[in-house]
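# Observations on chain architecture
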Amino acid sequence: MPKGMIVPPSKLKLIGTTERRNSSIDITAAEKRGIVVCATKSDMPLPAHHAVVLILAASRGLMTQANFVRNGGWQPVQDQLSGSQAER
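Residues numbered from 1 in each chain as written. Predicted model: local features only at pLDDT ≥ 70, side-chain atom pairs only at ≥ 80, totals over all residues. Heavy atoms only, no water.

### Some thoughts on the overall build of the protein chain
Going by this rule: Helix and strand definitions follow DSSP, with helices as H or I runs of at least four residues and strands as E runs of at least two, each counted in order from the N terminus. Remark: exposure states derive from per-residue accessible area (1.4 Å probe, protein chains only) relative to the maximum for the residue type, with buried under 20%, exposed over 50%, and partly exposed in between. Every accessible area reported is derived by Shrake-Rupley at a probe size of 1.4 Å, with residue values counting cover from the shown protein chains alone.
Across its full length, the protein chain holds four helices and two strands. Here the protein chain holds 88 residues, and 10% of them are scored as buried. With an accessible surface of roughly 7900 Å², the protein chain has 57% of that area assigned to carbon and sulfur atoms.

Right under this line is the structure:
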């Protein structure tokens, strides 16, 4: 977030990052405008993991299926497997 993006009038009150030293944020410009800049320690690539999980969920229609079940929709597995045998 360079200085050019931190201009008044802005409703921006907080900038958060997962790195303690983030050179993409102009901290001096933010502080001059009363914007708090905070960071959390992250030793693991959790944001990347979260992004991959969201991509997989979207590609598989997970939310559509979850909402279907929440609203009472359900197809018993036994009906789908009627007459089938598991292979060894």
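Continuing now.
### Looking at helix α2 (residues 46-59)
Note the cut-off: Here the expected span of a helix is defined as 1.5 Å times the quantity of residues minus one.
With 14 residues, α2 should cover 20 Å at 1.5 Å per step; its first-to-last C-alpha distance of 20 Å lies within 8% of that length. Directly beyond the C-terminal end of α2, a positive phi value near 65 degrees is found at G61.

### A word on a nonpolar patch on the surface
The following threshold applies: Like charges are joined within 9 Å and nonpolar side chains (Val, Leu, Ile, Met, Phe, Trp, Tyr) within 5 Å, but only among residues with over 30% relative accessible area and no salt bridge; these make up the patches. Basic side-chain nitrogens of Lys or Arg form a salt bridge, by our definition, when they fall within 4 Å of a carboxyl oxygen of Asp or Glu.
Taken together, the side chains of F68, V69 and W74 present a nonpolar region at the surface, about 340 Å² in accessible area. Along the polypeptide, W74 turns up in the loop between α3 (62-70) and α4 (77-80). In this structure W74 comes out as exposed when scored by relative accessible area, which is 59%.

### What about the environment of A30?
Structurally, A30 is set in helix α1 (residues 27-32). For the pair A30 and I15, spaced 15 residues apart in the sequence, the C-alpha separation amounts to 8.5 Å.

### Details of the side chain of T17
Here is the rule: What makes two residues a contact is simply this: any of their non-hydrogen atoms within 4.5 Å.
By the secondary structure assignment, T17 is in strand β1 (residues 14-17). Take T17: its relative accessible area is 16%, and that puts it in the buried class. Every residue in contact with T17, bar those within four places of it in the chain, is listed here: N22, I25, C38, A39 and T40.

### Observations regarding the environment of F68
Inspection of the secondary structure puts F68 in helix α3. Setting aside chain neighbours within four positions, we find F68 in contact with G73 and W74.

### Some words on the confidence of the model for the protein chain
Our working rule: One number per residue, pLDDT, summarises how confident the predictor is, and it ranges from 0 to 100.
Considering every residue of the protein chain, the mean pLDDT works out to 77; 67% of them sit at 70 or more. Taken element by element, the predicted model of the protein chain shows its lowest mean pLDDT in α4 (53) and its highest in α3 (88).

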